[in-house]
Amino acid sequence: MASKKDYFGLNRVISVILAIIPFTAWILGMITRFSEGKIVAGIIRIFGGWLIWLIDLILMIFSGHILRLLNI
């Protein structure tokens with residue numbers, strides 16, 4: 001069974017390309033957290049998404065997932 005990847009299960013290469021663009025990574029990270037039912041984490045990404053963009057990019061390249069600092 002394939003593991004669920006961030007950015008709607010897209011190919012890893014496409015996800016990395018989307019993560020390189022700061023605005024796209026901010027929006028997709030926010031949508032991903034809301035779709036997981038993590039409302040507080042989604043709200044934090046609305047206001048602080050630009051700050052964790054670089055961390056998301058590095059994690060997307062190496063693990064295929066975005067940062068999950070707050071799992072609420």
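Source: prediction; values computed, not measured.

Parameters at a glance
- Residues numbered from 1 in each chain as written.
- Predicted model: local features only at pLDDT ≥ 70, side-chain atom pairs only at ≥ 80, totals over all residues.
- Heavy atoms only, no water.
- Helix = DSSP H or I, 4+ residues; strand = E, 2+ residues; numbered from the N terminus.
- Rg over C-alpha atoms; globule rule 2.2 N^0.38 Å.
- Contact = heavy atoms within 4.5 Å.
- Areas by Shrake-Rupley, 256 points an atom, 1.4 Å probe, with all protein chains shown as cover.
- Core = buried A, V, L, I, M, F, W, Y, C linked by side-chain atoms within 4.5 Å.
- Buried < 20%, exposed > 50% of the residue type's maximum accessible area, 1.4 Å probe, protein only.
- Salt bridge = Lys/Arg side-chain N within 4 Å of Asp/Glu carboxyl O.
- Phe/Tyr/Trp six-rings, centres within 6.5 Å; stacked < 30°, edge-to-face > 60°.

Let's talk about the overall build of the chain
Looking only at helices and strands, one finds four helices and zero strands in the chain. Along the chain, helices and strands appear, N-terminal first, in the series α-α-α-α. The C-alpha atoms of the chain give 11 Å as radius of gyration, which agrees with the globular expectation for 72 residues (11 Å, within 12%). Projected onto its principal axes, the C-alpha coordinates of the chain cover approximately 30 × 25 × 15 Å. For the chain, restricting intrachain contacts to residue pairs at least 6 apart in sequence, the fraction spanning at least 24 positions comes to 56%. With the model as given, the accessible surface of the chain reaches about 4,600 Å², and the carbon-plus-sulfur share is 78%.

Describing the nonpolar core
Counting eight residues, the largest nonpolar core consists of Tyr7, Val16, Ala19, Ala25, Leu28, Leu57, Met60 and Ile66. Those elements that provide at least two residues to this core are α1 (12-20), α2 (22-35) and α4 (53-62). Residues in contact with Tyr7, not counting those within four places in the same chain, are Ser15, Leu18, Ala19, Ala25, Leu28, Gly29, Thr32, Met60 and Ile66.

Description of the pattern of salt bridges
Oppositely charged side chains can pair when the atoms bearing their charge come close. Under the definition given, this model contains three salt bridges. Arg33 is the partner of Glu36 in a salt bridge, and the nearest nitrogen-oxygen pair spans 2.7 Å. Of the residues examined, Glu36 reaches a relative accessible area of 26% and is grouped as partly exposed. Looking at Arg33, the relative accessible area reads 1%, which means it is buried.

So, the packing of aromatic side chains
The geometry of an aromatic ring pair is captured by two quantities: the separation of the ring centres and the angle between the planes. As enumerated under the stated definition, the model contains one aromatic pair in all. Each ring, one from Phe23 and one from Trp26, has its centre 5.6 Å from the other, and the planes form 55°; the classification is tilted. One end of the pair, Phe23, and the other, Trp26, are both in helix α2, three residues apart, so they sit about a helical turn from each other. Judged by relative accessible area, Phe23 falls into the partly exposed class, the value being 48%.

Limitation: the analysis is restricted to geometry and does not speak to function.
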